[in-house]
Amino acid sequence: MSQQKARGGSAAWALVITSVAGFMAALDNLVVTTALPSIRKDLGGGLHDLEWTVSAYTLTFAVLLMFGSALGDRFGRRRLFIAGITVFTVSSAAAAMAPGIDSLIAARAVQGAGAAVMMPLTLTLLTAAVPEARRGMAYGIWGAVNGLAVASGPLVGGSLTEHISWQWIFWLNVPLGLVLIPLARLRLAESHGTGAPLDLPGTLLASGGLFGIVYGLIRGPVDGWTGTVVLTGLFAGTALLVGFVLYSIRAKNPMLPMRLFRSRAFSGINAASLLMFLGMFGSIFLLSQYMQGVLGYTPTEAGLRMLPWTGMPMLVAPIAGILSDRVGGRPVVATGLFLQALGLGHLAVVATADASYAAQLPALIISGIGMALYFAPASHLVMSSVRPKEQGIASGANNALREVGGALGIAIMASIFASRGGYESGQAFVDGMRPALVVGAAAVALAGVATLFIPARRRPTAPTAPTAPPAGPAPEPVLETAS
């Protein structure tokens, strides 16, 4: 009895600790977007500098995710998790106290590095602490918290900036981090991966490749897609990733075994994750600006009006986790993605320079339900598609693809927006946003299609009815039990 209580207690603590840590890392992806005008007013800097306050975090986060999970597998997941929280907390304080735009960008880059170590280990530590029968619900709550963080970043950033100051979007992380560090030390059990030595060649190839591609995607809308730096980053990054794949096929202990992608479950959910974040990140990036710059809402008013979308994961994602335990993750994730695509498409149709909130509300609700249905079962599908000792690197790979998808989404949708519209007027903004949202909806719909290629969960087979015995004495109970 005491062991069961201890296990349940550790599972509950693991859920709280990993959810809050994941919330911090996910929130900082977009929390800065609504604070950029205030940051520019206080610290100066041009448009290029302001973009890097967002991109510096995204870049280091995406590039180091797989490396962070590999470090955790090799040297201890709890140990590296605590190290990641520490780096994230200290760099958050540095960002809040930044005297200039350059120091803020540097602090954001370090923040991303800390998050890259912390984030993939949240799922691994949670999986190790929660009994398999209850993981669907645990992933549901974890997914709800992380989905809320991603989608509510503009609201949190806008509210803190409007009512206190932009520095508080970073100060918010400090007390949370200071509480999580001792809790993680006391309440989480240590675990390791396969015990294989750290794959330095694979790490350098993967990190370099991700850096080149993400950097090129970030700079493309600003410098032009034919710019020398952009093309160099994209081509060099692609070449390094191809080299990483070829190397990993032959390596004895690769950081990311390529055989994992032979699994339709692993390949399907990773493709779906990349496409989902492509459509979602780019859409939120534009919609938060649309509500403020075109419809005239304050940051807080815009965030509150997006609550039917951003707040829905808190209500629906735990239910989605329970459903995934009962019917399997594939139908729940696919349904969520198609609903998200429908919601984004509806937003593209109803968006005008003076659109009423009532016209947007159905699309926001549909998108919120769809996002909530995706997050929890998707995490379950990732972790259940590999062996337990490989869950750390599977989590890192999935998170890396999500971040690349987010960077790709912002880059693609910003380019479409710039080519078809602009910031000159409300109508010009809508003219650019509409086709971008259509592309976002199409990407999320493709994610739903990718999910359909995941094998359906095998239902437990009922015991075969025993053949009628021949006339004579009844079989012994022990034989009946054995059959």
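Residues numbered from 1 in each chain as written. Predicted model: local features only at pLDDT ≥ 70, side-chain atom pairs only at ≥ 80, totals over all residues. Heavy atoms only, no water.

A. Here's a closer look at the overall build of the chain. On a plain count of helices and strands, the chain comes out with 19 helices and 0 strands. A total of 483 residues make up the chain; the buried ones form 55% of that total. Across the chain, contacts joining residues at least 24 apart in sequence account for 84% of those joining residues at least 6 apart. When the accessible surface of the chain is split by element, carbon and sulfur atoms take 68% of a total near 20,100 Å². (Helix = DSSP H or I, 4+ residues; strand = E, 2+ residues; numbered from the N terminus. Buried < 20%, exposed > 50% of the residue type's maximum accessible area, 1.4 Å probe, protein only. Contact = heavy atoms within 4.5 Å. Areas by Shrake-Rupley, 256 points an atom, 1.4 Å probe, with all protein chains shown as cover.)

B. Fine view of the packing of aromatic side chains. Scanning the model with the defined rule gives 6 aromatic pairs in all. Judged by centre distance (6.3 Å) and plane angle (85°), the ring pair of Trp 166 and Phe 170 falls under edge-to-face. Accessibility expressed as a relative area gives 2% for Trp 166, which makes it buried. An aromatic cluster is present here, built from Tyr 290, Phe 417 and Phe 429 joined pairwise through their rings. (Phe/Tyr/Trp six-rings, centres within 6.5 Å; stacked < 30°, edge-to-face > 60°.)

C. Local environment of the packing of helix H11 (residues 264–294) against helix H15 (residues 329–350). It is at 12 Å that the axes of H11 and H15 come closest, and there the two elements cross at 25°. Put simply, H11 runs roughly parallel to H15. The handedness of the crossing between H11 and H15 comes out as left-handed. From H11, Ile 269, Ala 272, Met 276, Gly 279, Met 280, Ser 283 and Leu 287 reach across to H15, where they touch Val 333, Leu 337, Gln 340, Leu 344 and Leu 347. Classifying every residue of the contact of H11 with H15 by side-chain character gives 9 nonpolar, 3 polar and no charged. (Axes fitted to C-alpha atoms, helices over the stretch in contact; angles between N-to-C directions. Parallel < 35°, antiparallel > 145°, perpendicular 65-115°, else oblique. Left-handed = near helix turned anticlockwise from the far one by under 90°. Nonpolar A, V, L, I, M, F, W, Y, C, P; charged D, E, K, R; others polar.)

D. Local environment of H11. Over its 31 residues, H11 runs 43 Å from end to end, which matches the ideal 45 Å to within 8%, given 1.5 Å per residue. Across the 31 residues that make up H11, a large majority, 23, are buried. Count one or two residues on from H11 and you reach Gly 296, which has phi positive near 85°. (Expected span 1.5 Å × (residues − 1).)

E. Main features of a nonpolar patch on the surface. Among the surface-exposed residues, Phe 338, Leu 446, Val 449, Leu 452 and Phe 453 lie close enough to one another that they form a single nonpolar patch of about 470 Å² accessible area. With respect to the helices and strands, Val 449 occurs in helix H18 (residues 426–451). In this structure Val 449 comes out as partly exposed when scored by relative accessible area, which is 37%. (Patch = residues over 30% accessible without salt bridge, like charges linked within 9 Å, V, L, I, M, F, W, Y side chains within 5 Å. Salt bridge = Lys/Arg side-chain N within 4 Å of Asp/Glu carboxyl O.)

F. The arrangement of the nonpolar core in detail. With 128 residues, the main nonpolar core has Phe 81, Leu 104, Met 276, Met 280, Tyr 290 and Trp 309 as its most contacted residues. The leading source of residues in this core is H11, at 15 residues. When residues no more than four places from it in sequence are discounted, the contact partners of Met 276 are Leu 337, Gln 340, Met 371, Tyr 374, Val 444 and Ala 447. (Core = buried A, V, L, I, M, F, W, Y, C linked by side-chain atoms within 4.5 Å.)

G. Representation of the side chain of Thr 451 in the model. Structurally, Thr 451 can be placed in helix H18. Residue class for Thr 451 comes out buried when judged on its relative accessible area of 0%. Not counting residues up to four positions away in its chain, the partners in contact with Thr 451 are Ala 272, Arg 330, Val 333, Ala 334 and Leu 337.

H. Expanded view of the packing of H15 against H18. Packing of H15 against H18 brings their axes to within 8 Å, and their N-to-C directions diverge by 165°. Between H15 and H18, the crossing angle belongs to the class labelled roughly antiparallel. You can see that H15 and H18 cross each other, and the crossing is left-handed. Note on element contacts: H18 touches H15 through Arg 434, Leu 437, Val 438, Gly 440, Ala 441, Val 444, Ala 445, Ala 447, Gly 448, Val 449 and Thr 451, opposite Arg 330, Val 333, Ala 334, Leu 337, Phe 338, Gln 340, Ala 341, Leu 344, Gly 345, Leu 347, Ala 348 and Val 349. The residue makeup of the contact of H15 with H18, split by class, is 16 nonpolar, 5 polar and 2 charged.

Purely spatial values, then, with no claim about function.
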